[in-house]
Amino acid sequence: MRIRKAVFPVAGLGTRFLPATKAMPKEMLPIVDKPLIQYAVEEALNSGIQEIIFVTGRSKRALEDHFDHSCELEHTLMARNKDILLKELHMLVPQSGTIIYTRQNEPLGLGHAIWCARHIVGNEPFAVLLADDLMKSQKPVLAQMMSEFDKLQSSMVSVIEVDSKDTAKYGILDADPLNGNLTKIRGLVEKPSPETAPSNLAIIGRYILTPEIFDLLENKEVGAGGEIQITDAMARLLSSQSIYGCGFEGTRFDCGTKAGFQMANLAYAMDRPEMKAQLMPFIRSLID
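Please read all numbers here as calculations on a predicted model, not as lab measurements.

Enquirer: Would you take a moment to explain the side chain of serine 154 for this structure?
Expert: In this structure, serine 154 sits in the loop between helix H7 (141-152) and strand E8 (155-161). Contacts of serine 154, omitting those with residues within four sequence positions, involve Phe149, Ser242 and Tyr244.

Enquirer: Just to check I follow, could you spell out the packing of helix H3 (residues 71-79) against helix H4 (residues 83-92) for this structure?
Expert: Axes are the key here: two packed helices are described by the angle between their axes and the distance separating the axes. Put simply, H3 and H4 touch, their axes get as near as 9 Å, and they point 155° apart. Here H4 runs roughly antiparallel to H3, going by the angle between their axes. Between H3 and H4 lies a crossing whose hand is left-handed. Side by side, H3 and H4 meet where Leu73, Glu74, Leu77 and Met78 of the first sit next to Leu85, Leu86, Leu89 and His90 of the second. Of the residues that constitute the contact of H3 with H4, the class distribution is six nonpolar, one polar and one charged.

Enquirer: Help me out: how do you make sense of helix H1 (residues 36-46) in this one?
Expert: An α-helical turn contains 3.6 residues, so a residue and the one three or four places further along point in the same direction. In terms of burial, H1 is a largely internal element, eight of the eleven residues being buried. Those residues of H1 that fall on the buried side of the exposure criterion are Leu36, Ile37, Gln38, Tyr39, Ala40, Val41, Glu43 and Ala44. With its phi angle positive at about 100°, glycine 48 sits one or two positions after the end of H1.

Enquirer: In this structure, what is going on with a nonpolar patch on the surface? I would like to understand it.
Expert: Together, Phe282, Leu286 and Ile287 line one region of the surface with nonpolar side chains, adding up to about 370 Å² of accessible area. Within the secondary structure, isoleucine 287 sits in helix H11 (residues 273-287).

Enquirer: Would you mind going over the packing of aromatic side chains with me for this structure?
Expert: To describe a pair of aromatic rings, one takes the distance between the centres and the angle between the planes. Scanning the entire structure with this criterion turns up seven aromatic pairs. Ring pairs connect the aromatic residues Phe8, Phe54, Phe67 and Tyr101, which therefore count as one cluster. Directly above the aromatic system of tyrosine 39 lies the positively charged group of lysine 34, at a separation of 4.5 Å from the ring centroid. We note lysine 136 situated over the ring of tyrosine 268; from NZ or CZ to the ring centre the distance is 5.5 Å.

Enquirer: Just checking my understanding: could you explain the side chain of arginine 252 for this structure?
Expert: The residue arginine 252 is located in strand E13 (residues 251-254) in this model. Classification of arginine 252 by relative accessible area gives buried; the value is 19%. A distance of 2.8 Å separates polar atoms of two side chains, one belonging to arginine 252 and the other to aspartate 133. A distance of 3.2 Å separates a polar atom in the side chain of arginine 252 from a polar atom in the side chain of tyrosine 170. With residues near it in sequence (within four places) discarded, arginine 252 still touches Asp133, Leu134, Met135, Ile160, Tyr170 and Ile204.

Enquirer: So what exactly am I meant to see when it comes to the environment of alanine 235 here?
Expert: Relative to the helices and strands, alanine 235 resides in helix H9 (residues 230-237). Along the chain, alanine 235 and isoleucine 52 lie 183 residues apart, while their C-alpha atoms are 26 Å from each other.

Enquirer: For this particular structure, what's the right way to read the pairing of strand E10 (residues 182-190)?
Expert: Remember that side chains alternate between the two faces of the sheet whenever the strand is regular. Pairing between strand E9 (residues 171-175) and E10: five bridges, direction antiparallel. If you follow leucine 173 over to E10, its bridge partner there is leucine 188. As paired elements, E10 and strand E12 (residues 243-246) share three bridges and run antiparallel to each other. In the strand pairing of E12, threonine 183 is matched with glycine 245.

Enquirer: Could you clarify how one ought to interpret the environment of alanine 40 in this entry?
Expert: By secondary structure assignment, the location of alanine 40 is in helix H1. As for alanine 40 and aspartate 132, which are separated by 92 residues in sequence, their C-alpha atoms are 8.8 Å apart. Beyond its immediate sequence surroundings of up to four residues, alanine 40 is in contact with Phe8, Leu129 and Ala131.

Enquirer: Would you take a moment to explain the pattern of salt bridges for this structure?
Expert: Between side chains of opposite charge, a pair can form when the charged atoms approach closely. In this structure the tally under the stated criterion is 18 salt bridges. Across the pair aspartate 271 and lysine 136 runs a salt bridge whose closest N-O atoms are separated by 2.7 Å. Pair noted here: aspartate 271 is in the loop between helix H10 (258-269) and H11 and lysine 136 is in strand E7 (residues 133-136), with a separation of 135 residues, a long-range link. Judged by relative accessible area, aspartate 271 falls into the partly exposed class, the value being 48%.

Definitions and cut-offs
Residues numbered from 1 in each chain as written. Predicted model: local features only at pLDDT ≥ 70, side-chain atom pairs only at ≥ 80, totals over all residues. Heavy atoms only, no water. Helix = DSSP H or I, 4+ residues; strand = E, 2+ residues; numbered from the N terminus. Contact = heavy atoms within 4.5 Å. Axes fitted to C-alpha atoms, helices over the stretch in contact; angles between N-to-C directions. Parallel < 35°, antiparallel > 145°, perpendicular 65-115°, else oblique. Left-handed = near helix turned anticlockwise from the far one by under 90°. Nonpolar A, V, L, I, M, F, W, Y, C, P; charged D, E, K, R; others polar. Buried < 20%, exposed > 50% of the residue type's maximum accessible area, 1.4 Å probe, protein only. Patch = residues over 30% accessible without salt bridge, like charges linked within 9 Å, V, L, I, M, F, W, Y side chains within 5 Å. Areas by Shrake-Rupley, 256 points an atom, 1.4 Å probe, with all protein chains shown as cover. Salt bridge = Lys/Arg side-chain N within 4 Å of Asp/Glu carboxyl O. Phe/Tyr/Trp six-rings, centres within 6.5 Å; stacked < 30°, edge-to-face > 60°. Lys NZ or Arg CZ within 6 Å of the ring centre and 35° of its normal. Polar contact = N/O pair within 3.5 Å; in protein donor to acceptor, adjacent residues only side chain to side chain. Pairing = 2+ DSSP bridges.

Shown next as structure tokens:
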């Protein structure tokens, strides 16, 4: 089976970025001139995903409007002959029926947010993308994972090696080091201390899951942080099927942190020659 659907859990409150996120979804914070969520949606669509499923919460109207037409703005751009900007806005809006919205009415964790999409996903494998993890790569990271899924037909998570002192920030694999870009997972632990972590292979925000995960999430078992953790459900899934850790070619920016968000802005700005020419003298002045 091929991956056709991708779930985007976007119901979070974005408390790390208050007060900026008091009235604006954190997924709408811009990296240069595009919001975080747009990068993630483009990654999914460029990987061949046909159906985008947003699991939203209150105060997410701006996110929904971003992927819809704005007649007044488009008319103004047309009148001012801003054809390039107009074309960019049109490209933002996927074909009707491509995006579906559902609600997570309670902030019960990532596992619960994924479970909220169960009826839309149905009985087929699907992807999950967390917009906080911005992936900068030549080939979309999700496309790299989907190529592996085509061969293995098994659930998988994208992984990176982290410093052992940071394991308490991540879901951690019990697995051997990557062989090429894959490792078969023996177990998963949510946010273990450095003393108890089984490895330094950390899960980041790209998943491919089989529909059996919904039966395990249905139990709504609470884990670390008092939330329903997808890592715990995947650990139980291991008793009935294989799960793999998947490395990738590219750079991951943790835009859930303020430092990571600023690093991403700088990296993407430096890709634009006209911005790089202005930024480099300023950066040198800060360093000198």
